[in-house]
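Report on the structure
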There are 2 protein chains.
Amino acid sequence: MIFAVILAGGTGSRMGSTDMPKQFLEIKGRPVLNHTVEKFLPNPKFEKIIVLSPKAWIGHTKEIIRKYTGTSDRIAVIEGGSTRNETIMNAVAYIDEHYGLDDDTVIVTHDSVRPFVTHRIIEENIDAALKYGACDTVIPATDTIVEGCDDKITSIPDRRRMYQGQTPQSFKAKLLRDTYLSLSDEERDILTDAAKILVIKGMDVRLVQGETFNIKITYPYDLRIARSLLEDEEAK
Amino acid sequence: MIFAVILAGGTGSRMGSTDMPKQFLEIKGRPVLNHTVEKFLPNPKFEKIIVLSPKAWIGHTKEIIRKYTGTSDRIAVIEGGSTRNETIMNAVAYIDEHYGLDDDTVIVTHDSVRPFVTHRIIEENIDAALKYGACDTVIPATDTIVEGCDDKITSIPDRRRMYQGQTPQSFKAKLLRDTYLSLSDEERDILTDAAKILVIKGMDVRLVQGETFNIKITYPYDLRIARSLLEDEEAK
């Protein structure tokens, strides 16, 4: 069974003046979260779309899904954890409780604030996770990547090997959970990314090709881009 | 003496349908290049603003500067080289020929397609180059950076140490040229960036804080962002 895991746990502190988490900001009259959920809902491969929300926003999240997307027993809204990886683990626990986990249970984890993910990216994620156990959606780095420390450059790695991580990141759920549980506290502290759970244990994570326009709405000016990208989508 | 070196050598192959290099595309009725040049021209510290252009576009570049920015003997348009670093070396040769190079001659090299550079960034570049010999303008990486090879992740470096390179990159011109000339062919082959000329020789390159909006117009959708950023600028 395959599950979409929509990560809406962020508090949106980078958005500046607004206190509302970014996934609730509207583009074209509907919250970003709805646009994102609706990229997964039409795909019949997903048993359930699990939306992880900060506790205080669960009611609001359910309400906007009902209002703008419609009632569906294929959508569940549950509470996120204290970190991104704890949030993913809450989703895995939910799946385990309601469906049981087997070796081929796959989760496609995706940022709620990346509404421009495509059917092609989602399908390639499912295929790669089933075949290889884990994958990460990336695009080649457009900027030069610089590694720095104390106001100085420490290295400029070869750009041809550098990618910018997007989402989805997809995993066999049991593999991810068991590996996460095997990490030491020190190992967990350096995690900033779910794919890294496997990478620091030397396991393979495949690359799936993302899209430049599969942006994350992080800063206010991203919203403006998002609005004009959506105009393009609708014009098609 | 301090020189602005505006790099307009790209052929724009990433822009898709258009054959015109990106610096000539218009935002708000004027080419991107003019917006960029006009960020440097008002600063009296610059002896000259040297614009490097592909040979075939030198006439057009001169024409748009005359038409939209105005005639100024502080602007020179000269031919770029076959690579980014060769282009910078052409600028250094021009300075050497017309002014002579001393140890404190500074070049502030900047992408012609980054029209949103600020006075603050330019001033900090000049200061850091004079004081430390070299600097690079960067912002903290917003995306997770992934290092990959053969369709697999090889590492996910600690994001807190990762930056996205912007421009300006500023240098003591003589230091940069002499170091560049000291490189082996193998060393030159791996250069994708002017700052790396010094980094691979173990020299210090300071970090100057850029701005999220100091974007490079690379893809068609960047133009759309650029147009709306410019509306903001004009509203101020």
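None of these values were measured; they are calculated from a predicted model.

The secondary structure content of chain A amounts to eight helices and 11 strands. What you see for chain A is a C-alpha radius of gyration of 18 Å, in line with the 18 Å of a compact globule of 236 residues. Taken along the three principal axes of its C-alpha coordinates, chain A extends 50 × 40 × 35 Å. Taking all 236 residues of chain A together, the buried fraction comes to 55%. Partitioning the contacts of chain A with sequence separation of at least 6, the portion at a separation of at least 24 is 74%. Accessible area of chain A: about 10000 Å², with a carbon and sulfur share of 48%.

Take the interface of chain B and chain A next. Contacts between the two partners involve 43 residues from chain B, matched on the other side by 43 residues from chain A. Between chain B and chain A lies a buried interface of about 4400 Å² when both sides are counted; carbon and sulfur atoms form 54% of it. Counting across the chain B and chain A interface gives six salt bridges. Linking K152(B) and D204(A) is a salt bridge whose minimum nitrogen-to-oxygen distance equals 3.3 Å. Elements with a contribution of two residues or more to the side of chain B that touches chain A: β7 (134-140), β8 (145-149), β9 (152-155), β10 (162-172), α7 (194-199), β11 (206-209) and α8 (220-235) of chain B. For strand β8 (residues 145-149) of chain A and β10(B), the ladder comprises three bridges, and the chain directions are antiparallel. Across the sheet, residue E147(A) finds its bridge partner in β10(B), namely M162(B).

Before going further, it helps to spend a moment on the packing of aromatic side chains. Given two aromatic rings, their pairing is described by the distance between the two centres and the angle made by the two planes. Throughout the structure, instances matching the rule amount to six aromatic pairs over all chains. In this structure, R206(A) packs its charged tip against the face of Y132(A), placed 3.9 Å from the ring centre. Its end group placed over the ring of Y180(B), R188(B) keeps NZ or CZ at 4.4 Å from the ring centre.

According to the stated counting rule, one finds zero disulfides over all chains in the structure shown. Here C135(A) stays free of any disulfide, with the sulfur of C149(B) as its closest cysteine sulfur at 18 Å.

Burial in helix α5 (residues 173-182) of chain B covers these residues: A173(B), L176(B), T179(B) and Y180(B). Along the axis of α5(B), the buried positions cluster into a sector of 140°, meaning they face one direction only.

Of the transformation superimposing chain B on chain A, the axial component is 0.0 Å and the angular component is 179°, with the fit at an RMSD of 0.1 Å. Those values place the two copies in the arrangement expected of a two-fold rotation axis. If distances are taken from each C-alpha of chain B to the rotation axis, the shortest is found for I225(B), at 3.0 Å. When the interface residues of chain B are mapped onto chain A, 100% of them again lie at the interface, so the same face is used by both copies.

With that out of the way, let us pick up the packing of helix α3 (residues 84-98) of chain B against α5(B). Residues and elements named next belong to chain B. Orientation of α3 relative to α5, taken along the N-to-C sense of each, is 125°, at an axis distance of 11 Å. What the angle tells us is that α3 and α5 run oblique. Note on packing geometry: the crossing formed by α3 with α5 is left-handed. Contact residues: α3 offers N85, E86, I88, M89, V92 and D96, while α5 offers A173, L176, R177 and Y180. A per-class count over the contact of α3 with α5 returns six nonpolar, one polar and three charged.

About the criteria used
- Residues numbered from 1 in each chain as written.
- Chains lettered and ligands numbered in written order.
- Predicted model: local features only at pLDDT ≥ 70, side-chain atom pairs only at ≥ 80, totals over all residues.
- Heavy atoms only, no water.
- Helix = DSSP H or I, 4+ residues; strand = E, 2+ residues; numbered from the N terminus.
- Rg over C-alpha atoms; globule rule 2.2 N^0.38 Å.
- Buried < 20%, exposed > 50% of the residue type's maximum accessible area, 1.4 Å probe, protein only.
- Contact = heavy atoms within 4.5 Å.
- Areas by Shrake-Rupley, 256 points an atom, 1.4 Å probe, with all protein chains shown as cover.
- Buried area = accessible area lost by both parts, 1.4 Å probe.
- Salt bridge = Lys/Arg side-chain N within 4 Å of Asp/Glu carboxyl O.
- Pairing = 2+ DSSP bridges.
- Phe/Tyr/Trp six-rings, centres within 6.5 Å; stacked < 30°, edge-to-face > 60°.
- Lys NZ or Arg CZ within 6 Å of the ring centre and 35° of its normal.
- Disulfide = S-S within 2.5 Å.
- Arc of directions from axis to C-beta.
- Least-squares fit on C-alpha atoms with pLDDT ≥ 70 in both.
- Axes fitted to C-alpha atoms, helices over the stretch in contact; angles between N-to-C directions.
- Parallel < 35°, antiparallel > 145°, perpendicular 65-115°, else oblique.
- Left-handed = near helix turned anticlockwise from the far one by under 90°.
- Nonpolar A, V, L, I, M, F, W, Y, C, P; charged D, E, K, R; others polar.

These figures capture arrangement, not role.
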